[in-house]
Amino acid sequence: SRSFVVAGAQLGPIAAAESRASAVTRMIELMREAAARGARLVVFPELALTTFFPRWYTEAPAEIDRWFETEMPSAETRRLFEAAETLGIGFHLGYAELTPEGRHFNTAILVDAAGRIAGKYRKIHLPGHREHEDWRPFQHLEKRYFEKGDLGFPVFDAFGGRIGMCICNDRRWPETWRMLGLGGAELVCLGYNTPLHYPPAPEHDHLQYFHNALSVQAGAYQNGLWAVAVAKAGREEGCDLIGGSLIAAPTGEIVAQASTTGDEVISARIDLDRCAEIRANVFNFALHREPQDYALITAP
Ligand code: ING
């Protein structure tokens, strides 16, 4: 068996005025609790260092870039890397990446227990819109502030297995999970910032927790892999974000789930060998998958 304890570190609201240092202090506290539970990997949310700034419209480049990291580890996040090394725990971190060439991405990294960046992913499915839409109670301007990710859906050798990543809206698209499954992922780590209110279809607001779990459970089951999905939750700058962080097994079963909308650690012992129960049987891609009949899926 290749079993180990994995944890999710759900974060409550991060105020616009809250410093990265304050967010990092909260994250280190959660990392300590995860380590105390024997976790070898802890997953933090999407854009975990700051408030979810795409809820506001701005044109000033300096007003946008203030939310981005130009290096990783940065001065503020070095403490997080050092705490991880001291505790002997790896982590997944979502943050806004500004590259030396001036490109903006919604990014996630996988850091191993030695504090080395073992993998990077840049969000491909950017939800929301590009221009200010005044009918909305709050904006969702990811298409304005980020470029589409340019790294594909990579899978990395780490923690004794094959680890993939995605970010928030990516989890709603079956193609995300299938690409990672085809890449051999045995565990997918992801963070999300999901408002309770979805302005284009408010009649679905009561379904946000259900759609979160449905997306992750289906992705895990249909590709025979473990998934750790972690929220930035709670009322953040007047906008309610869902919690519902969860760990799903390759069978699709939820094995751990958050019960608050604040800072909360969830954890479970997972065995990567259990992926075979699904991948050698019902979703044995080599035996049962019929890609020659799926051409429409890759058609633009
Ligand atoms: N947030 C949301 C998400 O996909 C959203 C946007 C909410 C889309 C509800 C559809 C319905 O979970 C991010 N950051 O992608």
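Residues numbered from 1 in each chain as written. Predicted model: local features only at pLDDT ≥ 70, side-chain atom pairs only at ≥ 80, totals over all residues. Heavy atoms only, no water.

S.K.: Can you help me understand the overall build of the protein chain in this one?
M.R.: Check the secondary structure of the protein chain and you find nine helices and 14 strands. The C-alpha atoms of the protein chain give 18 Å as radius of gyration, which agrees with the globular expectation for 300 residues (19 Å, within 12%). Judged by the C-alpha coordinates and their principal axes, the protein chain covers about 55 × 50 × 40 Å. Within the protein chain, the proportion of its 300 residues that are buried is 55%. Long-range pairs, those at least 24 residues apart, make up 70% of the contacts in the protein chain with a sequence separation of at least 6. As displayed, the protein chain has an accessible area near 12400 Å², and 54% of this comes from carbon and sulfur atoms. (Helix = DSSP H or I, 4+ residues; strand = E, 2+ residues; numbered from the N terminus. Rg over C-alpha atoms; globule rule 2.2 N^0.38 Å. Buried < 20%, exposed > 50% of the residue type's maximum accessible area, 1.4 Å probe, protein only. Contact = heavy atoms within 4.5 Å. Areas by Shrake-Rupley, 256 points an atom, 1.4 Å probe, with all protein chains shown as cover.)

S.K.: Would you take a moment to explain the site of the ligand for this structure?
M.R.: The full set close to the ligand counts 14 residues, and E142, C168, N169, R172 and T194 are the nearest of them. Between an oxygen atom of the ligand and a side-chain N or O atom of K123, the distance comes to 3.1 Å. At 3.0 Å, a backbone N or O of N193 approaches a nitrogen atom of the ligand. Protein chains bury 93% of the 370 Å² of accessible surface belonging to the ligand in isolation. For the shell around the ligand, the class distribution of residues is four nonpolar, five polar and five charged. (Near = heavy atom within 4 Å. Polar contact = N/O pair within 3.5 Å; in protein donor to acceptor, adjacent residues only side chain to side chain. Nonpolar A, V, L, I, M, F, W, Y, C, P; charged D, E, K, R; others polar.)

S.K.: Sorry, what's going on with helix α5 (residues 174-182) here?
M.R.: Residue pairs three or four apart in sequence face the same way in an α-helix, which turns once every 3.6 residues. Within α5 the residues assigned to the buried category are T176, W177, L180 and G181. Along the axis of α5, the buried residues cluster in a sector spanning 125°; they form a single face. Within two residues after α5, G184 carries a phi angle of roughly 90°, on the positive side. (Arc of directions from axis to C-beta.)

S.K.: What am I meant to see in the environment of Q208 here?
M.R.: Following the sequence through the fold, Q208 ends up in helix α6 (residues 208-223). Using a relative accessible area of 5% as the deciding quantity, one classes Q208 as buried. On a C-alpha basis, the gap between Q208 and R78 in space is 34 Å, while along the polypeptide they are 130 residues apart.

S.K.: I keep staring at the side chain of H129 and nothing clicks. Help me out?
M.R.: Following the sequence through the fold, H129 ends up in the loop between β5 (117-122) and α4 (142-145). Looking at H129, its side chain comes within polar contact range of the side chain of R136, at 3.1 Å. From its side chain, H129 meets the backbone nitrogen of H140 in a polar contact 3.0 Å long. Each residue touching H129, except ones within four places of it in the same chain, is listed here: R136, Q139, H140, L141, E142, K143 and R144.

S.K.: Can you walk me through the UniProt feature "domain: CN hydrolase" (unreviewed entry) in the protein chain in this structure?
M.R.: Taking the UniProt record as the reference, the feature "domain: CN hydrolase" (unreviewed entry) is found at residues 4-272. Helix makes up 23% of residues 4-272 and strand 29%. Its end C-alpha atoms lie 8 Å apart. (UniProt positions renumbered as here; feature names shortened; annotations may be inferred.)

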